[in-house]
Amino acid sequence: MDHASRIRAEIDRRRDALIALTRELIRIPTLNPPGRNYQEICEFLAERLARSGFRVELLRATGTPGDSDATPRWNLVARREGRAPGDCVHFNSHHDVVEVGHGWTRDPFGAELEAGRIYGRGACDMKGGLAASVIAAEAFIAACPEYRGAIEISATADEETGGYGGVAWLAERGYFAPERVQHVIIPEPLHKDQICLGHRGVWWAEIETHGRIAHGSMPFLGDSAIRHMGAVLEEMEAVLFPLLATKRTAMPVIPEGARQSTLNINAIHGGEPDLGPAFTGLPAPCVADRCRIVIDRRFLIEEDPEEVKAEVTRLMERIRARRPGFRYEIRTLFEVQPTMTDRDAPVVRSTAAAIEAVLGREAGYVVSPGTYDQKHIDRIGRLKNCIAYGPGLLELAHQPDEWIGIDDMADAAKVMALVLAELLT
(Lines give C-alpha, C1' and ligand atoms only; values in the text may rest on other atoms or scores of the structure.)
Protein backbone atom coordinates (compact mmCIF):
# COMPACT_ATOMS: atom_id res chain seq x y z
CA MET A 1 0.00 0.00 0.00
CA ASP A 2 1.40 3.45 -0.93
CA HIS A 3 1.70 6.49 1.34
CA ALA A 4 -1.57 8.06 0.16
CA SER A 5 -3.60 4.89 0.64
CA ARG A 6 -2.17 4.29 4.10
CA ILE A 7 -2.87 7.89 5.11
CA ARG A 8 -6.48 7.75 3.92
CA ALA A 9 -7.02 4.49 5.80
CA GLU A 10 -5.51 5.90 8.99
CA ILE A 11 -7.77 8.96 8.90
CA ASP A 12 -10.86 6.86 8.16
CA ARG A 13 -9.93 4.73 11.16
CA ARG A 14 -9.71 7.88 13.30
CA ARG A 15 -13.09 9.33 12.31
CA ASP A 16 -14.60 8.79 15.78
CA ALA A 17 -11.48 10.27 17.36
CA LEU A 18 -11.83 13.34 15.12
CA ILE A 19 -15.43 13.80 16.25
CA ALA A 20 -14.56 13.32 19.91
CA LEU A 21 -11.62 15.73 19.80
CA THR A 22 -13.65 18.45 18.10
CA ARG A 23 -16.44 18.14 20.65
CA GLU A 24 -14.00 18.25 23.56
CA LEU A 25 -12.40 21.42 22.20
CA ILE A 26 -15.76 23.14 21.70
CA ARG A 27 -16.78 22.34 25.27
CA ILE A 28 -13.91 24.46 26.59
CA PRO A 29 -15.37 28.01 26.37
CA THR A 30 -12.31 30.02 25.36
CA LEU A 31 -14.23 33.28 25.02
CA ASN A 32 -12.33 36.33 23.82
CA PRO A 33 -12.79 38.92 25.13
CA PRO A 34 -11.88 38.63 27.90
CA GLY A 35 -9.78 35.49 27.28
CA ARG A 36 -11.19 32.67 29.36
CA ASN A 37 -9.90 29.11 29.78
CA TYR A 38 -6.80 29.54 27.61
CA GLN A 39 -4.66 27.54 30.01
CA GLU A 40 -7.23 24.76 30.20
CA ILE A 41 -7.35 24.21 26.44
CA CYS A 42 -3.56 24.38 26.10
CA GLU A 43 -3.07 21.83 28.88
CA PHE A 44 -5.69 19.55 27.32
CA LEU A 45 -3.91 19.64 23.95
CA ALA A 46 -0.49 19.30 25.57
CA GLU A 47 -1.46 16.03 27.20
CA ARG A 48 -2.95 14.73 23.94
CA LEU A 49 0.05 15.65 21.79
CA ALA A 50 2.61 14.43 24.32
CA ARG A 51 1.04 10.97 24.04
CA SER A 52 1.68 11.16 20.28
CA GLY A 53 5.38 11.87 20.79
CA PHE A 54 5.37 15.65 20.51
CA ARG A 55 7.64 17.82 22.63
CA VAL A 56 5.31 20.42 24.06
CA GLU A 57 5.84 23.99 25.24
CA LEU A 58 3.25 26.06 27.10
CA LEU A 59 4.06 29.75 26.70
CA ARG A 60 2.39 32.70 28.37
CA ALA A 61 2.56 35.95 26.42
CA THR A 62 3.11 38.08 29.50
CA GLY A 63 2.52 41.78 29.06
CA THR A 64 0.56 41.56 25.82
CA PRO A 65 -2.86 43.26 25.46
CA GLY A 66 -5.38 41.59 27.75
CA ASP A 67 -2.83 39.48 29.64
CA SER A 68 -3.35 39.43 33.41
CA ASP A 69 -3.33 36.89 36.20
CA ALA A 70 -7.09 36.63 35.75
CA THR A 71 -6.88 36.17 31.95
CA PRO A 72 -3.37 34.95 31.09
CA ARG A 73 -2.54 34.64 27.39
CA TRP A 74 -1.42 31.00 27.07
CA ASN A 75 -0.14 29.42 23.86
CA LEU A 76 0.91 25.90 22.97
CA VAL A 77 3.65 24.89 20.53
CA ALA A 78 4.26 21.17 19.96
CA ARG A 79 7.04 19.72 17.79
CA ARG A 80 7.80 16.18 16.67
CA GLU A 81 11.09 15.46 14.93
CA GLY A 82 11.40 12.93 12.13
CA ARG A 83 14.06 10.29 11.61
CA ALA A 84 16.25 12.51 9.41
CA PRO A 85 16.83 16.23 8.78
CA GLY A 86 14.35 18.06 6.59
CA ASP A 87 11.78 20.83 6.43
CA CYS A 88 9.34 21.71 9.19
CA VAL A 89 5.62 21.90 8.45
CA HIS A 90 3.68 23.93 11.01
CA PHE A 91 -0.10 23.86 11.55
CA ASN A 92 -1.23 26.97 13.40
CA SER A 93 -4.73 27.33 14.87
CA HIS A 94 -6.11 29.90 17.25
CA HIS A 95 -7.93 28.50 20.25
CA ASP A 96 -9.98 31.60 21.16
CA VAL A 97 -13.59 32.13 20.09
CA VAL A 98 -15.79 35.21 19.88
CA GLU A 99 -18.75 36.04 22.10
CA VAL A 100 -21.81 33.84 21.80
CA GLY A 101 -24.25 36.57 20.75
CA HIS A 102 -28.01 36.12 20.39
CA GLY A 103 -30.13 33.81 18.25
CA TRP A 104 -28.82 30.39 19.26
CA THR A 105 -31.22 27.43 19.27
CA ARG A 106 -28.60 25.11 20.80
CA ASP A 107 -26.17 25.16 23.69
CA PRO A 108 -23.22 27.17 22.29
CA PHE A 109 -20.77 24.98 24.20
CA GLY A 110 -22.73 21.75 24.10
CA ALA A 111 -20.99 20.41 20.98
CA GLU A 112 -24.22 18.80 19.84
CA LEU A 113 -23.86 16.18 17.12
CA GLU A 114 -26.66 15.95 14.56
CA ALA A 115 -26.94 14.89 10.91
CA GLY A 116 -23.21 14.87 10.28
CA ARG A 117 -22.60 18.25 11.91
CA ILE A 118 -21.11 19.39 15.21
CA TYR A 119 -22.63 22.60 16.58
CA GLY A 120 -21.07 25.13 18.90
CA ARG A 121 -19.23 28.41 19.20
CA GLY A 122 -15.86 27.90 17.54
CA ALA A 123 -16.90 24.70 15.74
CA CYS A 124 -16.18 26.28 12.37
CA ASP A 125 -13.84 29.09 13.47
CA MET A 126 -11.67 27.20 14.13
CA LYS A 127 -11.70 24.27 16.53
CA GLY A 128 -12.79 21.92 13.76
CA GLY A 129 -9.69 22.93 11.80
CA LEU A 130 -7.50 22.51 14.88
CA ALA A 131 -8.85 19.00 15.47
CA ALA A 132 -8.41 18.10 11.80
CA SER A 133 -4.76 19.17 11.89
CA VAL A 134 -4.08 17.05 14.98
CA ILE A 135 -5.71 13.98 13.42
CA ALA A 136 -3.86 14.63 10.14
CA ALA A 137 -0.52 14.71 11.92
CA GLU A 138 -1.23 11.60 14.01
CA ALA A 139 -2.45 9.66 10.96
CA PHE A 140 0.58 10.71 8.91
CA ILE A 141 2.99 9.65 11.67
CA ALA A 142 1.29 6.24 11.89
CA ALA A 143 1.34 5.78 8.10
CA CYS A 144 4.83 7.20 7.49
CA PRO A 145 6.91 6.69 10.65
CA GLU A 146 10.21 7.16 8.76
CA TYR A 147 9.43 10.73 7.73
CA ARG A 148 12.16 13.37 7.71
CA GLY A 149 12.06 16.91 9.05
CA ALA A 150 9.58 17.98 11.71
CA ILE A 151 5.88 18.56 12.33
CA GLU A 152 4.68 21.40 14.53
CA ILE A 153 1.19 22.11 15.85
CA SER A 154 0.34 25.32 17.66
CA ALA A 155 -2.78 26.53 19.46
CA THR A 156 -2.49 30.26 19.95
CA ALA A 157 -4.29 33.07 21.71
CA ASP A 158 -6.21 36.14 20.69
CA GLU A 159 -6.47 35.82 16.90
CA GLU A 160 -9.99 37.21 17.17
CA THR A 161 -8.62 40.42 18.70
CA GLY A 162 -5.52 40.82 16.56
CA GLY A 163 -3.27 37.92 17.59
CA TYR A 164 -0.86 40.06 19.61
CA GLY A 165 -0.91 37.66 22.57
CA GLY A 166 -0.48 34.68 20.26
CA VAL A 167 1.19 34.41 16.88
CA ALA A 168 2.64 37.95 16.95
CA TRP A 169 4.29 37.27 20.32
CA LEU A 170 5.64 33.91 19.12
CA ALA A 171 6.89 35.40 15.84
CA GLU A 172 8.78 38.09 17.74
CA ARG A 173 10.59 35.29 19.58
CA GLY A 174 11.58 33.42 16.43
CA TYR A 175 9.01 30.63 16.42
CA PHE A 176 8.14 31.38 12.78
CA ALA A 177 11.63 32.23 11.57
CA PRO A 178 12.32 30.70 8.12
CA GLU A 179 15.33 28.79 9.43
CA ARG A 180 13.10 27.09 12.02
CA VAL A 181 9.84 26.62 10.06
CA GLN A 182 9.57 26.32 6.28
CA HIS A 183 5.86 25.73 5.61
CA VAL A 184 2.80 27.00 7.51
CA ILE A 185 -0.84 25.98 7.12
CA ILE A 186 -3.48 27.84 9.12
CA PRO A 187 -6.69 25.72 9.16
CA GLU A 188 -9.13 28.64 9.01
CA PRO A 189 -12.61 27.87 7.59
CA LEU A 190 -12.30 28.87 3.95
CA HIS A 191 -13.90 25.80 2.33
CA LYS A 192 -12.13 22.46 1.92
CA ASP A 193 -11.53 22.85 -1.82
CA GLN A 194 -9.95 26.32 -1.63
CA ILE A 195 -6.51 27.62 -0.72
CA CYS A 196 -6.47 31.04 0.91
CA LEU A 197 -3.37 32.92 -0.18
CA GLY A 198 -3.71 35.94 2.09
CA HIS A 199 -5.96 38.79 3.14
CA ARG A 200 -6.85 42.44 2.64
CA GLY A 201 -5.30 45.20 4.72
CA VAL A 202 -6.97 46.89 7.67
CA TRP A 203 -6.81 50.29 9.34
CA TRP A 204 -8.72 50.70 12.58
CA ALA A 205 -9.01 54.28 13.77
CA GLU A 206 -10.88 56.38 16.29
CA ILE A 207 -12.37 59.69 15.19
CA GLU A 208 -13.42 62.13 17.91
CA THR A 209 -15.28 65.40 17.52
CA HIS A 210 -15.14 68.06 20.24
CA GLY A 211 -17.80 70.44 21.45
CA ARG A 212 -18.60 72.50 24.55
CA ILE A 213 -20.80 71.41 27.42
CA ALA A 214 -23.79 73.55 28.40
CA HIS A 215 -27.23 73.20 29.94
CA GLY A 216 -29.55 71.18 27.72
CA SER A 217 -32.26 73.80 28.00
CA MET A 218 -29.88 76.34 26.48
CA PRO A 219 -28.00 74.37 23.80
CA PHE A 220 -27.14 77.60 22.00
CA LEU A 221 -24.64 78.29 24.80
CA GLY A 222 -22.80 75.05 24.06
CA ASP A 223 -21.56 73.23 20.98
CA SER A 224 -22.78 69.68 20.35
CA ALA A 225 -20.05 67.20 19.46
CA ILE A 226 -22.78 64.77 18.42
CA ARG A 227 -24.08 67.21 15.80
CA HIS A 228 -20.51 67.63 14.55
CA MET A 229 -20.22 63.86 14.26
CA GLY A 230 -23.49 63.82 12.35
CA ALA A 231 -21.80 66.00 9.75
CA VAL A 232 -18.95 63.49 9.56
CA LEU A 233 -21.34 60.60 8.99
CA GLU A 234 -23.23 62.59 6.36
CA GLU A 235 -20.00 63.34 4.49
CA MET A 236 -19.01 59.67 4.64
CA GLU A 237 -22.36 58.68 3.12
CA ALA A 238 -22.20 61.34 0.42
CA VAL A 239 -18.53 61.09 -0.57
CA LEU A 240 -16.44 58.36 1.05
CA PHE A 241 -18.67 55.32 0.66
CA PRO A 242 -19.29 55.99 -3.06
CA LEU A 243 -15.52 56.46 -3.55
CA LEU A 244 -14.71 53.15 -1.87
CA ALA A 245 -17.24 51.36 -4.09
CA THR A 246 -15.13 52.31 -7.14
CA LYS A 247 -11.95 50.69 -5.81
CA ARG A 248 -11.64 47.09 -7.03
CA THR A 249 -8.90 44.52 -6.64
CA ALA A 250 -7.36 41.78 -8.75
CA MET A 251 -6.93 39.75 -5.55
CA PRO A 252 -9.35 36.77 -5.55
CA VAL A 253 -11.14 38.00 -2.43
CA ILE A 254 -14.28 36.21 -1.27
CA PRO A 255 -17.15 36.92 -1.03
CA GLU A 256 -17.62 39.07 -4.11
CA GLY A 257 -18.63 42.14 -2.11
CA ALA A 258 -15.18 42.22 -0.52
CA ARG A 259 -13.46 42.69 -3.89
CA GLN A 260 -13.91 46.41 -3.25
CA SER A 261 -12.60 48.63 -0.47
CA THR A 262 -14.93 48.76 2.53
CA LEU A 263 -15.47 50.78 5.67
CA ASN A 264 -17.49 49.77 8.71
CA ILE A 265 -18.46 52.14 11.51
CA ASN A 266 -17.75 49.76 14.34
CA ALA A 267 -19.02 51.86 17.27
CA ILE A 268 -20.30 55.29 18.22
CA HIS A 269 -20.19 56.91 21.66
CA GLY A 270 -21.19 60.42 22.66
CA GLY A 271 -22.46 62.54 25.48
CA GLU A 272 -23.19 61.12 28.89
CA PRO A 273 -21.81 57.64 29.58
CA ASP A 274 -24.18 54.70 29.77
CA LEU A 275 -24.42 53.81 33.45
CA GLY A 276 -25.86 50.37 32.75
CA PRO A 277 -29.15 48.64 33.57
CA ALA A 278 -28.57 48.89 37.34
CA PHE A 279 -28.89 52.68 37.18
CA THR A 280 -32.56 53.71 37.44
CA GLY A 281 -32.16 57.49 37.46
CA LEU A 282 -32.72 59.99 34.68
CA PRO A 283 -30.08 61.62 32.45
CA ALA A 284 -28.77 65.10 33.22
CA PRO A 285 -29.58 67.87 30.70
CA CYS A 286 -26.21 68.51 29.05
CA VAL A 287 -24.91 69.34 25.61
CA ALA A 288 -22.43 66.65 24.53
CA ASP A 289 -18.88 67.95 24.52
CA ARG A 290 -17.43 64.86 22.87
CA CYS A 291 -18.43 62.17 20.39
CA ARG A 292 -16.34 59.30 19.12
CA ILE A 293 -16.63 56.69 16.39
CA VAL A 294 -14.43 53.68 15.66
CA ILE A 295 -13.91 52.87 12.00
CA ASP A 296 -12.75 49.61 10.43
CA ARG A 297 -11.33 50.33 6.97
CA ARG A 298 -10.39 47.30 4.83
CA PHE A 299 -8.10 48.12 1.93
CA LEU A 300 -6.68 46.38 -1.11
CA ILE A 301 -3.17 45.36 -2.06
CA GLU A 302 -3.31 47.96 -4.84
CA GLU A 303 -3.95 50.83 -2.39
CA ASP A 304 -1.34 53.01 -0.69
CA PRO A 305 -1.93 52.78 3.10
CA GLU A 306 -1.02 56.45 3.53
CA GLU A 307 -3.62 57.43 0.95
CA VAL A 308 -6.19 55.33 2.82
CA LYS A 309 -5.62 57.52 5.89
CA ALA A 310 -5.39 60.72 3.85
CA GLU A 311 -8.88 60.13 2.42
CA VAL A 312 -10.34 60.39 5.89
CA THR A 313 -8.21 63.39 6.85
CA ARG A 314 -9.31 65.24 3.71
CA LEU A 315 -12.93 64.46 4.54
CA MET A 316 -12.51 65.94 8.03
CA GLU A 317 -10.77 69.03 6.66
CA ARG A 318 -13.57 69.67 4.18
CA ILE A 319 -16.05 69.69 7.05
CA ARG A 320 -13.82 71.96 9.15
CA ALA A 321 -13.59 74.47 6.33
CA ARG A 322 -17.35 74.95 6.17
CA ARG A 323 -18.54 74.19 9.72
CA PRO A 324 -17.91 76.79 12.47
CA GLY A 325 -16.32 75.45 15.65
CA PHE A 326 -15.55 72.04 14.14
CA ARG A 327 -12.63 70.35 15.92
CA TYR A 328 -11.55 66.75 15.65
CA GLU A 329 -8.86 64.14 16.33
CA ILE A 330 -7.97 60.95 14.43
CA ARG A 331 -6.12 58.23 16.33
CA THR A 332 -4.86 55.03 14.73
CA LEU A 333 -5.70 51.95 16.80
CA PHE A 334 -3.86 49.43 14.63
CA GLU A 335 -3.09 48.68 11.01
CA VAL A 336 -2.17 45.60 9.00
CA GLN A 337 -0.77 45.48 5.48
CA PRO A 338 -2.36 43.21 2.86
CA THR A 339 -0.52 39.97 2.16
CA MET A 340 -0.73 37.32 -0.55
CA THR A 341 1.43 34.24 -0.96
CA ASP A 342 2.61 33.38 -4.47
CA ARG A 343 0.65 30.56 -6.15
CA ASP A 344 3.95 28.87 -6.98
CA ALA A 345 5.04 28.65 -3.31
CA PRO A 346 5.83 25.07 -2.20
CA VAL A 347 3.03 24.83 0.38
CA VAL A 348 0.52 26.12 -2.19
CA ARG A 349 1.55 23.59 -4.84
CA SER A 350 1.53 20.70 -2.35
CA THR A 351 -1.89 21.63 -0.98
CA ALA A 352 -3.36 22.04 -4.46
CA ALA A 353 -2.14 18.58 -5.44
CA ALA A 354 -3.57 17.10 -2.24
CA ILE A 355 -6.97 18.73 -2.78
CA GLU A 356 -7.15 17.28 -6.28
CA ALA A 357 -6.14 13.84 -4.99
CA VAL A 358 -8.72 13.81 -2.17
CA LEU A 359 -11.64 15.68 -3.75
CA GLY A 360 -11.12 14.91 -7.42
CA ARG A 361 -11.22 18.54 -8.54
CA GLU A 362 -8.82 21.42 -8.93
CA ALA A 363 -8.24 23.71 -5.99
CA GLY A 364 -9.64 27.22 -5.97
CA TYR A 365 -7.50 30.16 -4.90
CA VAL A 366 -9.01 32.85 -2.69
CA VAL A 367 -8.11 35.76 -0.45
CA SER A 368 -9.84 36.41 2.88
CA PRO A 369 -11.89 39.60 3.35
CA GLY A 370 -10.57 39.93 6.92
CA THR A 371 -7.15 39.45 8.39
CA TYR A 372 -5.95 36.43 10.30
CA ASP A 373 -2.61 35.39 11.77
CA GLN A 374 -0.81 35.11 8.42
CA LYS A 375 -0.15 38.85 8.85
CA HIS A 376 2.22 38.18 11.75
CA ILE A 377 3.93 35.17 10.16
CA ASP A 378 4.60 37.29 7.07
CA ARG A 379 5.51 40.69 8.55
CA ILE A 380 7.18 39.67 11.83
CA GLY A 381 8.34 36.13 11.08
CA ARG A 382 9.39 37.02 7.52
CA LEU A 383 8.01 33.68 6.37
CA LYS A 384 6.20 33.94 3.02
CA ASN A 385 5.44 30.24 2.49
CA CYS A 386 2.15 30.39 4.41
CA ILE A 387 -1.50 29.74 3.54
CA ALA A 388 -4.85 29.26 5.20
CA TYR A 389 -6.52 25.95 4.42
CA GLY A 390 -9.12 24.20 6.51
CA PRO A 391 -12.63 22.78 6.78
CA GLY A 392 -15.74 24.83 7.32
CA LEU A 393 -17.76 27.52 5.58
CA LEU A 394 -16.52 31.06 5.99
CA GLU A 395 -20.03 32.48 6.22
CA LEU A 396 -20.74 30.43 9.40
CA ALA A 397 -17.97 32.13 11.38
CA HIS A 398 -19.27 34.21 14.33
CA GLN A 399 -22.87 33.23 13.54
CA PRO A 400 -25.47 31.70 15.90
CA ASP A 401 -25.77 27.91 15.59
CA GLU A 402 -22.24 27.75 14.14
CA TRP A 403 -21.36 24.25 12.92
CA ILE A 404 -18.69 22.15 11.24
CA GLY A 405 -19.33 19.19 8.91
CA ILE A 406 -17.71 15.91 9.90
CA ASP A 407 -17.10 14.84 6.30
CA ASP A 408 -15.47 18.21 5.61
CA MET A 409 -13.13 17.78 8.58
CA ALA A 410 -12.19 14.28 7.48
CA ASP A 411 -11.51 15.40 3.92
CA ALA A 412 -9.44 18.38 5.10
CA ALA A 413 -7.47 16.10 7.43
CA LYS A 414 -6.64 13.87 4.45
CA VAL A 415 -5.50 16.90 2.46
CA MET A 416 -3.28 18.12 5.30
CA ALA A 417 -1.80 14.67 5.84
CA LEU A 418 -1.04 14.30 2.13
CA VAL A 419 0.73 17.67 2.24
CA LEU A 420 2.92 16.23 5.02
CA ALA A 421 3.64 13.21 2.85
CA GLU A 422 4.61 15.44 -0.10
CA LEU A 423 6.90 17.69 1.93
CA LEU A 424 8.38 15.28 4.48
CA THR A 425 8.85 11.92 2.70
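In what follows, the structure referred to is the one given above.
Residues numbered from 1 in each chain as written. Predicted model: local features only at pLDDT ≥ 70, side-chain atom pairs only at ≥ 80, totals over all residues. Heavy atoms only, no water.

**Q** Whenever I open this one, the pattern of salt bridges confuses me. Can you help?
**A** Should their charged atoms come close, side chains of opposite charge can pair. Considering all chains together, one arrives at 38 salt bridges under this definition. E206 is paired through a salt bridge with R292; the nearest N and O atoms lie 3.1 Å apart. Taken together, the residues span a long stretch of sequence, with E206 in strand β9 (residues 201-210) and R292 in strand β11 (residues 290-299) at a distance of 86 residues. Where salt bridges share partners, they join E206, E208, R292, E329 and R331 into one cluster. (Salt bridge = Lys/Arg side-chain N within 4 Å of Asp/Glu carboxyl O. Helix = DSSP H or I, 4+ residues; strand = E, 2+ residues; numbered from the N terminus.)

**Q** What's the story with helix α1 (residues 3-13) in this structure? I'm lost.
**A** For the α-helix, the turn length of 3.6 residues means that residues three or four positions removed from each other point alike. Those residues of α1 lying buried are I7, E10 and I11. Down the axis of α1, the buried set is contained in an arc of 95°. They therefore lie on one face. At its buried positions, α1 is contacted by α2 (15-26), α4 (123-143) and α10 (406-424). (Buried < 20%, exposed > 50% of the residue type's maximum accessible area, 1.4 Å probe, protein only. Arc of directions from axis to C-beta. Contact = heavy atoms within 4.5 Å.)

**Q** Can you walk me through the nonpolar core in this structure?
**A** Grouped burial of nonpolar side chains is what soluble globular proteins tend to show. Formed by 69 residues in total, the largest nonpolar core has its most connected members in I7, F140 and I151. Considering every element that reaches this core, the biggest residue donor is α10, with 14 residues. Residues in contact with I151, not counting those within four places in the same chain, are F54, A78, R79, R80, V89, F91, A137, F140, I141, L420 and L424. Within the second largest apolar cluster, 23 residues are counted, among which are A150, L170, V184 and L190. (Core = buried A, V, L, I, M, F, W, Y, C linked by side-chain atoms within 4.5 Å.)

**Q** Can you walk me through the sheet that holds strand β10 (residues 262-270) in this structure?
**A** Across a sheet, paired strands are connected by hydrogen bonds in the backbone, their directions being either parallel or antiparallel. Taken together, the 4 strands give an open sheet; going across it, the order is β10-β11-β9-β12, and neighbouring strands pair in antiparallel fashion. Looking at strand neighbours, the two that pair on one side only are β10 and β12 (327-336), the edges of this open sheet. Going across the sheet, the axis of each strand differs from the next one's by a mean of 15°, ignoring polarity. Pairing geometry for β9 and β12, over 9 bridges, is antiparallel. (Pairing = 2+ DSSP bridges. Axes fitted to C-alpha atoms, helices over the stretch in contact; angles between N-to-C directions.)

**Q** How do you make sense of the packing of aromatic side chains when you look at a structure like this?
**A** The description of an aromatic ring pair rests on the distance of the ring centres and on the angle between the ring planes. A complete count under the given rule lists 4 aromatic pairs for this structure. With centroids separated by 5.4 Å and ring planes inclined at 55°, the aromatic side chains of F140 and Y147 adopt a geometry described as tilted. Per residue, the accessibility class of F140 equals that of Y147, and both read buried. Above the face of the Y119 ring, R106 is positioned so that its terminal group lies 3.7 Å from the ring centre. The ring of W403 has R117 lying over it, and the distance from NZ or CZ to the ring centre is 3.7 Å. (Phe/Tyr/Trp six-rings, centres within 6.5 Å; stacked < 30°, edge-to-face > 60°. Lys NZ or Arg CZ within 6 Å of the ring centre and 35° of its normal.)

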